[in-house]
Amino acid sequence: MSAPKILISMDIEGVAGVWRPEQTQAGNGEYERARRWMTEEANAAVRGALAGGAGEVLVNDSHGHFGNLLADLLDPRAQLIQGKPRTLGMMAGVEQDVDGVLMIGWHARAKTRGVLAHTSNSFAFARVWLGGLELGEVGLYAALAGELGVPVLLVSGCNVLADEVTALLPHTDMSVLKWSDGARSGRSLSPQAACAEIEQASRQALLRLQGEGAPPAWTLPGPLTLRVQCQTPALADVFSLWPAVQREDGDTLSLPCASVQDAVRSLNALAAMSSVLR
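Quick notes on the rules
Residues numbered from 1 in each chain as written. Predicted model: local features only at pLDDT ≥ 70, side-chain atom pairs only at ≥ 80, totals over all residues. Heavy atoms only, no water. Pairing = 2+ DSSP bridges. Helix = DSSP H or I, 4+ residues; strand = E, 2+ residues; numbered from the N terminus. Contact = heavy atoms within 4.5 Å. Axes fitted to C-alpha atoms, helices over the stretch in contact; angles between N-to-C directions. Core = buried A, V, L, I, M, F, W, Y, C linked by side-chain atoms within 4.5 Å. Buried < 20%, exposed > 50% of the residue type's maximum accessible area, 1.4 Å probe, protein only.

1. Quick notes on the pairing of strand β9 (residues 185-188)
Now for step 1: Note that strand β8 (residues 173-182) and β9 share four bridges and pair antiparallel. Counterpart to Lys-178 in the pairing with β9 is Ser-188.
Now for step 2: If you look at the hairpin formed by β8 and β9, you'll find two residues sitting between the two strands.

Quick look at the structure:
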């Protein structure tokens, strides 16, 4: 294949050294330190991807308000995707003839013991299912990439996320950067060691993509139903204002979807609707 085009999707909860909610929320010194670590891990993935033969690299800022990465510190060989709302959310850029995705700094799904585990919006959603599978963000966005024929080459984050990746994406490489004792405690590689691991793993993932053993794109068979357990019945009240939403019980609803892209867009629309109760 010609030099591949790679998308690096960056979250923050899986970044080495990040344990507490304030590190993920703008407006304090702990967040400023964590966003620098996030940028350094992005740069490590860029270096590794280019060393492995990538011809072009896009970096998608995929946490919160999608404006966390420090643009002036990003490797100048990469292009940066920031800002919201956007149709493909955490996978924006995958539609631009991308050959593979690296998910760096991601986290486990809600209701697990992963570090800062949640799914999409911790205020709005307790659990999310698509196509009958309970999924977190890795599963949802791997399926979105797979719908476009793009495989996930590498994921980095905590050991609980590693179990999730192994179950859903057994051919995808996983870099464990920290080990959870609970939602807000455990042990971690240093930022420097984490970057070294990400750089090496990204290089190897690119070599695999161009050689033997590249992972397949992961797809969900249709028809698809998005099912959501809300954090409160009050949120389900709000979401049920959408005519297509079917209320199952006090806090659970479902929504038929024509595609994974529609499901992700619907979930992000529900998250936006939840803001009326904040």
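2. Comments concerning the sheet that holds strand β6 (residues 133-134)
Now for step 1: Within the open sheet, the five strands sit side by side as β6-β5-β10-β12-β11. Their pairing is antiparallel. The outermost strands of the open sheet, each flanked by one partner alone, are β6 and β11 (246-247).
Now for step 2: Direction of pairing for β11 relative to strand β12 (residues 252-257): antiparallel, over a ladder of two bridges. By the bridge assignment, Gln-246 is partnered in β12 with Ser-254.
Now for step 3: Of the strands in this sheet, β5 (125-130), β10 (224-230) and β12 touch helix α6 (residues 260-273), which is tilted by about 165° from β5.

3. Brief notes about the sheet that holds strand β2 (residues 56-61)
Strand pairing in a sheet takes place through backbone hydrogen bonds and is either antiparallel or parallel in direction.
Now for step 1: Strand order in this open sheet of seven strands is β3-β2-β1-β4-β7-β8-β9, and the pairing throughout is mixed. Strand pairing shows two members of the sheet lacking a second neighbour, β3 (78-81) and β9, which therefore form its edges. Geometrically, the sheet is characterised by an average inter-axis angle of 20° between neighbouring strands, direction not taken into account.
Now for step 2: Two strands pair when backbone bridges link them, and strand β4 (residues 100-104) and strand β7 (residues 152-158) are joined in this way by three bridges, in the parallel orientation. The partner of Val-101 across the bridge, within β7, is Val-152.
Now for step 3: The strands that helix α2 (residues 137-147) touches are β4 and β7; relative to β4, the one it contacts most, it runs at about 165°.

4. Some remarks on unusual backbone geometry
Now for step 1: A cis geometry characterises the amide bond from Lys-84 onward to Pro-85, with omega recorded as 5°.
Now for step 2: Topologically, Pro-85 is positioned in the loop between β3 and β4.
Now for step 3: Across the junction of Gly-222 and Pro-223, the peptide omega takes the value -5°, indicating a cis bond.
Now for step 4: Relative to the elements of secondary structure, Pro-223 occurs in the loop between α4 (191-210) and β10.
Now for step 5: The phi dihedral of Ser-120 falls on the positive side, at around 70°, and the residue is not glycine.
Now for step 6: Summarising the element assignment, Ser-120 is placed in the loop between β4 and β5.

5. A word on the nonpolar core
Now for step 1: Grouped together as the largest cluster of nonpolar side chains are 91 residues, with contacts concentrated most on Ile-8, Val-59, Leu-102 and Met-103.
Now for step 2: The element contributing the most residues to this core is helix α1 (residues 29-51), with eight residues.
Now for step 3: Each residue touching Leu-102, except ones within four places of it in the same chain, is listed here: Ile-6, Leu-7, Ile-8, Ser-9, Ala-45, Ala-49, Leu-153, Leu-154, Ser-202 and Ala-205.

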